[in-house]
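# A look at the structure
So you can see what is in the structure, the chains are spelled out below.
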Amino acid sequence: MLTVVFVDVVDSTGLLTTVGDARGAAAIDRVLQTVRERLEPYGGREVKALGDGLMLTFESPRSAVAFSVAVQQRIGATRPQLRIGMNFGETTGGDDPI
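Residues numbered from 1 in each chain as written. Predicted model: local features only at pLDDT ≥ 70, side-chain atom pairs only at ≥ 80, totals over all residues. Heavy atoms only, no water.

## Points about the pairing of strand 1 (residues 2-9)
Going by this rule: Type-normalised accessible area, obtained with a 1.4 Å probe on protein chains alone, sets the label of each residue: buried when under 20%, exposed when over 50%, and partly exposed for intermediate values. Helix and strand labels come from DSSP, where a helix needs a run of H or I of at least four residues and a strand needs a run of E of at least two; each type is numbered from the N terminus. In short, DSSP must find at least two bridges between two strands for them to pair.
Extensive coverage of strand 1 is indicated by the burial of six of its eight residues. Here strand 1 runs beside strand 4 (residues 82-89); their pairing, made up of eight bridges, is antiparallel. Among the inter-strand pairings, Val9 is bridged to a residue of strand 4, identified as Leu82. Pairing geometry for strand 1 and strand 3 (residues 53-58), over six bridges, is antiparallel. Directly across from Val7, in strand 3, lies its bridge partner Leu54.

Next up, the structure:
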């Protein structure tokens, strides 16, 4: 059993268009760094960077939810915002769960 979490910066394309590539990329990086800083305490692992988002795994849904709440509390109402989605279930194939 594994919990997969996806995080995605909301309207990253609009942000880049509005403030420019350099400032927009810096804002996106800042939000994703906030996510990365909170992974270890909740037992999370970054599987893949997806440009303006990340694919993460957790061994328990409880840890994934606690992590998600901690990230949202840290980000608060700042811009850009972050979307977080998760799924829990069995994995198949290979030694690496993802």
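## A look at the packing of aromatic side chains
Definition in use: Any two of the Phe, Tyr and Trp rings considered here, Trp counted by its six-membered ring, make a pair once their centres fall within 6.5 Å; the pair's planes then place it as stacked at under 30 degrees, edge-to-face at over 60, or tilted in between.
In the structure shown here, the tally under the stated rule is two aromatic pairs. Ring centres of Phe58 and Phe67 lie 4.9 Å apart, and the angle between their planes is 40 degrees; this geometry places the pair in the tilted category. Taken individually, Phe58 and Phe67 each receive the classification buried, so the pair is uniform in this respect. Among the aromatic side chains, those forming a connected cluster through ring pairs are Tyr42, Phe58 and Phe67.

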